[in-house]
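# Secondary and tertiary structure notes
Here is what each chain is made of, one letter per residue.
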Amino acid sequence: MARYVEHTRTWEFDEDRSRWEQILEVLTARIDSAEWGPKYKISEVKLMEEFGVSRPTIRKAMQRLRAAGKIYTVPNLGSFVNAGPEASAPANGLKDKASAE
């Protein structure tokens, strides 16, 4: 996993693994530890600056977080941390047809 170096205020990455995977681990840890609570807005620009990587690298990690159900994205607003497993349920409280059968 990537490691933050305090005295240089930069991240060191393991060169044997892709950077997006290491960033994904850091972001997942922030969500799982509740450092980033429900509805926390995640800024791609701030992550690019923090990790010193390009937007496609951040977007790949974000895509995996979205696929895992940890974040959701609202067009023209940004990406936010999901409130938890209940957040993926339909808003009207009804189960989808496939799960009802």
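Here's a quick rundown of the structure. (Residues numbered from 1 in each chain as written. Predicted model: local features only at pLDDT ≥ 70, side-chain atom pairs only at ≥ 80, totals over all residues. Heavy atoms only, no water.)

## A short note on unusual backbone geometry
Positive phi values are uncommon outside glycine, yet K39 reaches one of about 70°. Tracing the sequence through the fold places K39 in the loop between α1 (19–32) and β3 (41–42). Unusually for a residue other than glycine, N76 sits at a positive phi of about 70°. (Helix = DSSP H or I, 4+ residues; strand = E, 2+ residues; numbered from the N terminus.)

## Section: helix α2 (residues 44–51)
Three or more residues of α2 are buried, namely E44, L47 and F51. An end-on view of α2 places all buried positions within 60° of arc, on one side of the element. Seen from the buried face of α2, the exposed residues on the opposite side, beyond 90 degrees, are K46 and E49. At its buried positions, α2 is contacted by β2 (10–12), α1, β3 and α3 (55–67). Downstream of α2 by one or two residues, G52 has phi in the positive range, about 70°. (Buried < 20%, exposed > 50% of the residue type's maximum accessible area, 1.4 Å probe, protein only. Arc of directions from axis to C-beta. Contact = heavy atoms within 4.5 Å.)

## Section: the pattern of salt bridges
Following the criterion strictly, the structure yields six salt bridges and no others. One salt bridge in this structure joins R19 and E15, with 3.7 Å as the shortest N-O distance. Taking the relative accessible area as the measure of exposure, R19 reaches 35% and is therefore partly exposed. The shortest N-O distance in the salt bridge between E50 and R30 comes to 2.5 Å. Note that E50 is positioned in helix α2 and R30 in helix α1, a separation of 20 residues in sequence. (Salt bridge = Lys/Arg side-chain N within 4 Å of Asp/Glu carboxyl O.)

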